[in-house]
Amino acid sequence: MTGTRIAALGHYQPAKVLTNDDLTALVDTSDEWITSRVGIRTRHVAGPDEPVDEMAAHAGAKALASAGLTPADIDLVLVATSTAIDRSPNTAARVAARLGMASPATLDLNVVCAGFTHALATADHAVRAGSATRALVIGADKMTEVTDWTDRTTCVLVGDGAGAAVVEAAPAAGIGPVLWGSVPEMGHAVRIEGTPPRFAQEGQTVYRWATTQLPPIARRVCERAGIAPEDLAAVVLHQANLRIIEPVARKIGAVNAVIARDVIDSGNTSAASIPMAFAKLVERGEVESGAPALLFGFGGNLSYAGQVVRVP
């Protein structure tokens, strides 16, 4: 085995749905104001008794079932999250305990909205290096728990959920080389800070950076994978804002690709957004198994990471 692949995907969202009309009871806003600026119509909200690790475990269990595997088949659990309140046990360890795993390595990664693609690259590297056999890679965030519900510029954006992927060895590369990086001096543009922690961002700064700086980086991801943008079957960007997703996808040049727009129904779920949107595309049969898909995360820390993968 010389490569890795995504064997299966899974996703989970809480039952409670918060609409734009519901938000008008909390802040001075309207459905028209929200949809015209960010494209979001609904988002899912976890209850106080539904922690990040529970959502992550639900998504992970679905991915395992889809792959025809049991928890015993996994020896590495990676969870990308920036909203875990407790520091120890980490979220990955709690997921492993919920799923009844025996003795996996358990790591959390906090790269905020780019967390899943960082975690996927880490799993790819670990399996190809022989330090893991199969990895369960999860992006999960409970953004509503770190949101100021009196701030209409941020509370209209967020939602909760989790998405998961099973990564295993493969005879050919089903997960392409990662291209990752950050702009550390601009890390203040997206923050989850304070006690209690609260999400804040400089919206215009993030918008300009994403729409001008990220498309050429995403094209370089395709180059590393040996794929022309026009040959992509799907583009799954971090589901931050429809006004970012659509121009970035257009500038990448993926003219024949299905563009994930899960942000409309789910809001910005941070590290959960890419695996959740990807899992839904696959579940609905919108992309064929084996086709190339670009996954590209960006956001907090002004970090980014992307790779071209083969659809499971």
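The structure we're discussing is the one just above.
Bear in mind that the values here come from a model prediction, so they are computed numbers and not experimental data. (Residues numbered from 1 in each chain as written. Predicted model: local features only at pLDDT ≥ 70, side-chain atom pairs only at ≥ 80, totals over all residues. Heavy atoms only, no water.)

Caption draft 1: Main features of the overall build of the protein chain. Across its full length, the protein chain holds ten helices and 14 strands. For 312 residues, the compact-globule formula gives about 20 Å, and the C-alpha radius of gyration of the protein chain, at 18 Å, lands near that figure. In terms of its C-alpha atoms, the protein chain occupies a principal-axis envelope of roughly 55 × 45 × 40 Å. Among the 312 residues that make up the protein chain, the fraction classed as buried is 57%. Partitioning the contacts of the protein chain with sequence separation of at least 6, the portion at a separation of at least 24 is 76%. Of the roughly 12200 Å² that the protein chain leaves accessible, carbon and sulfur atoms contribute 49%. (Helix = DSSP H or I, 4+ residues; strand = E, 2+ residues; numbered from the N terminus. Rg over C-alpha atoms; globule rule 2.2 N^0.38 Å. Buried < 20%, exposed > 50% of the residue type's maximum accessible area, 1.4 Å probe, protein only. Contact = heavy atoms within 4.5 Å. Areas by Shrake-Rupley, 256 points an atom, 1.4 Å probe, with all protein chains shown as cover.)

Caption draft 2: Representation of the sheet that holds strand β8 (residues 179–182) in the model. The sheet built from five strands is open, its strands ordered β8-β14-β13-β11-β12 with mixed pairing. Strands at the two margins of the open sheet, each flanked by one partner only, are β8 and β12 (258–259). Note that strand β11 (residues 234–237) and β12 share two bridges and pair parallel. In the strand pairing of β12, A234 is matched with V258. Contacting β8, β13 (292–299) and β14 (303–310), helix α7 (residues 203–225) crosses the sheet at an angle of about 145° to β13. Strands in contact with helix α10 (residues 273–283) are β11, β12, β13 and β14; relative to β11, the strand with the most contacts, it is inclined by about 150°. (Pairing = 2+ DSSP bridges. Axes fitted to C-alpha atoms, helices over the stretch in contact; angles between N-to-C directions.)

Caption draft 3: Focus on the environment of A233. Turning to its location among the elements, A233 is positioned in the loop between α7 and β11. For A233, the residues in contact, after removing those within four places along its chain, are N256, A257, V258, V287, A291 and P292.

Caption draft 4: Spotlight on helix α5 (residues 115–129). The terminal C-alpha atoms of α5, which comprises 15 residues, lie 21 Å apart, in line with the 21 Å expected from a rise of 1.5 Å per residue. Here α5 lies mainly inside the structure; eleven of its 15 residues are buried. Listed in full, the buried residues belonging to α5 are G115, F116, T117, H118, A119, L120, A121, A123, D124, A126 and V127. Looking one or two residues past α5, G130 carries a phi angle of roughly 90°, positive in sign. (Expected span 1.5 Å × (residues − 1).)

Caption draft 5: How the structure looks around the nonpolar core. Counting residues in hydrophobic clusters, the biggest one holds 48 residues, and the most contacted among them are L232, L237, L294, F296 and F298. Elements represented by at least two residues in this core include exactly α2 (31–38), α7, β11, α8 (242–252), β13 and β14. Of the residues forming this core, the biggest block, eight residues, is contributed by α7. Dropping the residues within four chain positions of it, F298 is found in contact with C113, A114, W209, A210, L214, L237, H238, A240, I244, S303 and Y304. (Core = buried A, V, L, I, M, F, W, Y, C linked by side-chain atoms within 4.5 Å.)

Caption draft 6: Main features of the packing of helix α3 (residues 52–67) against helix α4 (residues 91–99). At their nearest, the axes of α3 and α4 sit 9 Å apart, and the two run at 55° to each other. By the criterion of interaxial angle, the relationship of α3 to α4 is oblique. Taken as a pair, α3 and α4 cross one another with a handedness that is right-handed. Mapping the contact onto sequence places V52, D53, E54, A56, A57, A61 and L64 in α3 and T91, R94, V95, R98 and L99 in α4. Per-class residue counts for the contact of α3 with α4 are seven nonpolar, one polar and four charged. (Parallel < 35°, antiparallel > 145°, perpendicular 65-115°, else oblique. Left-handed = near helix turned anticlockwise from the far one by under 90°. Nonpolar A, V, L, I, M, F, W, Y, C, P; charged D, E, K, R; others polar.)

Caption draft 7: Layout of the sheet that holds strand β6 (residues 134–142). Judged by pairing direction, the sheet is mixed, and its five strands sit side by side in the order β1-β7-β6-β4-β5 without closing on themselves. Unpaired on one side and paired on the other, β1 (3–12) and β5 (105–109) mark the two borders of the sheet. In this sheet, neighbouring strand axes are inclined to one another by 20° on average, regardless of whether the strands run parallel or antiparallel. Inspection of the sheet shows β6 paired to strand β7 (residues 160–170) by nine bridges, in the antiparallel sense. Each residue of the ladder has a partner; that of L136, found in β7, is V166. α10 contacts β1, β6 and β7 of the sheet and is inclined by roughly 90° relative to β1.

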